[in-house]
Amino acid sequence: MLQRPKTQHHTCCSYLETLSCKQIYTIWNYRREALQPILAAGGEAAQAACTAELALTQACLQENPKSYSTWHHRKWLVLHGLADPSKELKLVGRCVASLLLQPSISFECCVPCIAY
């Protein structure tokens with residue numbers, strides 16, 4: 001079982017670890033915990049961190065558009081107001097389109113998309 005790091009000065013899961021374990025909510029929670037002070041401070045560092053994290057979630061969603069934990073993390077980022085809403089709508093459209101092309105589809109996967 002994953003345990004919370006004991007120090008406050010921890011680095012969250014790496015990019016590659018997150019890509020390989022994107023379905024584990026704990027990993028996204030660690031990432032949010034590490035990003036929270038950066039986003040709260042604002043400025044260029046916050047914008048750069050948000051841009052990098054949006055790119056990570058986009059890569060995860062391109063591989064698996066039904067990843068609820070990834071959509072939840074992305075929504076959390078978007079709610080900080082540092083993401084371009086038009087780009088978000090385009091991503092949601094691409095993910096829904098890719099899901100519709102799959103032969104056997106369960107439409108409950110679109111629920112995270114509607115939350116935007």
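Residues numbered from 1 in each chain as written. Predicted model: local features only at pLDDT ≥ 70, side-chain atom pairs only at ≥ 80, totals over all residues. Heavy atoms only, no water.

Asker: How should the overall build of the chain be read in this particular structure?
Answerer: Along its length, the chain carries six helices and zero strands. When the helices and strands of the chain are read in sequence order from the N terminus, they spell out α-α-α-α-α-α. For the chain, the residues scored as buried account for 34% of the 116 residues in total. Sequence separation of 24 or more characterises 61% of the internal contacts of the chain that already satisfy a separation of 6 or more. With the model as given, the accessible surface of the chain reaches about 7100 Å², and the carbon-plus-sulfur share is 62%. (Helix = DSSP H or I, 4+ residues; strand = E, 2+ residues; numbered from the N terminus. Buried < 20%, exposed > 50% of the residue type's maximum accessible area, 1.4 Å probe, protein only. Contact = heavy atoms within 4.5 Å. Areas by Shrake-Rupley, 256 points an atom, 1.4 Å probe, with all protein chains shown as cover.)

Asker: Would you mind showing me how to read the packing of helix H2 (residues 25-41) against helix H4 (residues 68-78) here?
Answerer: Relative to each other, H2 and H4 sit at 10°, their axes nearing to 10 Å. One element, H2, and the other, H4, form an angle in the roughly parallel class. Between H2 and H4, the residues in contact are Tyr-25, Trp-28, Arg-31, Arg-32, Leu-35, Gln-36 and Leu-39 and Tyr-68, Ser-69, Thr-70, His-72, His-73, Trp-76 and Leu-77, respectively. The class makeup of the residues in the contact of H2 with H4 is seven nonpolar, five polar and two charged. (Axes fitted to C-alpha atoms, helices over the stretch in contact; angles between N-to-C directions. Parallel < 35°, antiparallel > 145°, perpendicular 65-115°, else oblique. Nonpolar A, V, L, I, M, F, W, Y, C, P; charged D, E, K, R; others polar.)

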